[in-house]
Amino acid sequence: MSYPTGSHDTDRPDAKATEQPSSPSPSANNANANANAGADTTSSSSSTKPQTSVRDAAAQSPETYEDEHVHSVYESIAGHFSSTRYKPWPFIASFLRERVTPGSVGLDVGCGNGKYLGVRESGDVHIVGSDRSPSLVGIAGQRGFDVAVADGLALPFRAGCADFVLCIAVIHHMSTRERRVDALRKLLACVRADGGQVLVYVWALEQSSSRRGWDANSAQDQLVPWVMKANQNKPKGDKDKDSGGNAGVDTTYERFYHLYREGELEEDLRAAGGRVIESGYEKDNWWVIGGHGDEEAKQQP
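Residues numbered from 1 in each chain as written. Predicted model: local features only at pLDDT ≥ 70, side-chain atom pairs only at ≥ 80, totals over all residues. Heavy atoms only, no water.

(A) Spotlight on the packing of helix 2 (residues 62-83) against helix 4 (residues 134-142). Contact geometry of helix 2 with helix 4 gives a least axis separation of 8 Å together with a crossing angle of 35°. Contacts between helix 2 and helix 4 involve Glu-75, Ala-78, Gly-79, Phe-81 and Ser-82 from the first element and Pro-134, Ser-135, Leu-136 and Ile-139 from the second. (Axes fitted to C-alpha atoms, helices over the stretch in contact; angles between N-to-C directions. Helix = DSSP H or I, 4+ residues; strand = E, 2+ residues; numbered from the N terminus. Contact = heavy atoms within 4.5 Å.)

Printed below as a string of structure tokens:
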């Protein structure tokens, strides 16, 4: 079965944001008054820090770096981030509706607000979601989904428990190759040996035609700003409570991304012991569908 390819923006298909260059800042800084409200302000110069400084800083203490530039950021922007993630991406919805058979059990690792957990409207497939962000898990739980807080490198699921695993826009937040390969290895461990599949999506380095402007010559390790206007992350009707950012001022958060070059995701999957079933490019993103390699499949009970 083939999948449709198109030009939809698989990072933010429905968010109304404009792009602007950014200047170096800590993970949360005041932004000037001209910053677009809640903009994912990526561009070819999304961080003026040299690639080596980002990569070296991450390598010194990957866990600490990701806490600052990934986990704490999503906790701070969870409410606003969730409001921009409500429409399932067509390719992934297609996978769930056309490839997943009735009665299947799946996992969504990095489920965010749970937008893929209810794609199979008939309810004939059960998907358990997990995410590192308690706030995003809370939002998904309020929507009635089966979710848990879990780190992608320490998943609580039994080996071979799932027929399929989704992992959308997560692996690129791991700050070293060792951690990215290990994360893929953990996904593969969750699916059954006889036909289990993982679908992984990551941001692409090759985005020369997009608003971000990155291309094959750009730095792969980037700090990508998320600008949020004052009070934008507050629940409706709760004007006094500070639920992200400083009252009365705009805030910029910097998220770490490793931009995948062509073929790199497949290389990492194979390094994790997996087998590439299918792969491709969907505007601004690389994706791969993988399963167990022959040796891994033989060893799994």
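Continuing now.
(B) Up close: the sheet that holds strand 10 (residues 285-292). Read across the open sheet, the seven strands follow the order 4-3-2-5-6-10-9; overall the sheet is mixed. Because the sheet does not close on itself, it has two edges, and the strands there are strand 4 (147-149) and strand 9 (274-282). Pairwise comparison of adjacent strand axes, ignoring direction, gives a mean angle of 15° for this sheet. Note that strand 2 (residues 105-109) and strand 3 (residues 126-131) share five bridges and pair parallel. Of the residues in strand 3, the one forming a bridge with Asp-108 is Gly-129. Strands in contact with helix 4 are strand 3 and strand 4; relative to strand 4, the strand with the most contacts, it is inclined by about 165°. (Pairing = 2+ DSSP bridges.)

(C) Focus on helix 6 (residues 264-271). Inspection of helix 6 places Glu-264, Leu-265, Glu-266, Asp-268 and Leu-269 among the buried residues, and these make up the whole buried set. Tucked into the core, helix 6 has its buried residues touching helix 5 (177-190), strand 6 (197-203), strand 8 (251-258), strand 9 and strand 10. After helix 6 finishes, the residue Gly-273 shows a positive phi value of roughly 95°. (Buried < 20%, exposed > 50% of the residue type's maximum accessible area, 1.4 Å probe, protein only.)

(D) Just the pairing of strand 7 (residues 221-228), in detail. Most of strand 7 is tucked away, with eight of its eight residues classed as buried. Here strand 7 shows two buried faces, one formed by Asp-221, Leu-223, Pro-225 and Val-227 and the other by Gln-222, Val-224, Trp-226 and Met-228. Of the strand pairs in this sheet, strand 7 and strand 8 are connected by eight bridges, and their pairing is antiparallel. What sits directly across from Met-228, in strand 8, is Thr-251.

(E) Just the pattern of salt bridges, in detail. Summed over the entire model, instances satisfying the criterion amount to 16 salt bridges. Across the pair Asp-67 and Arg-132 runs a salt bridge, and its minimum N-O distance is 3.4 Å. Here the residue Asp-67 occupies a position in helix 2, and Arg-132 occupies one in the loop between strand 3 and helix 4, the gap between them amounting to 65 residues. The class of Arg-132 is partly exposed, set by a relative accessible area of 34%. Glu-278 is the salt-bridge partner of Arg-99, the closest N and O atoms lying 2.4 Å from each other. Note that Arg-99 is positioned in the loop between helix 3 (90-98) and strand 2 and Glu-278 in strand 9, a separation of 179 residues in sequence. Since its relative accessible area comes to 21%, Glu-278 is described here as partly exposed. (Salt bridge = Lys/Arg side-chain N within 4 Å of Asp/Glu carboxyl O.)

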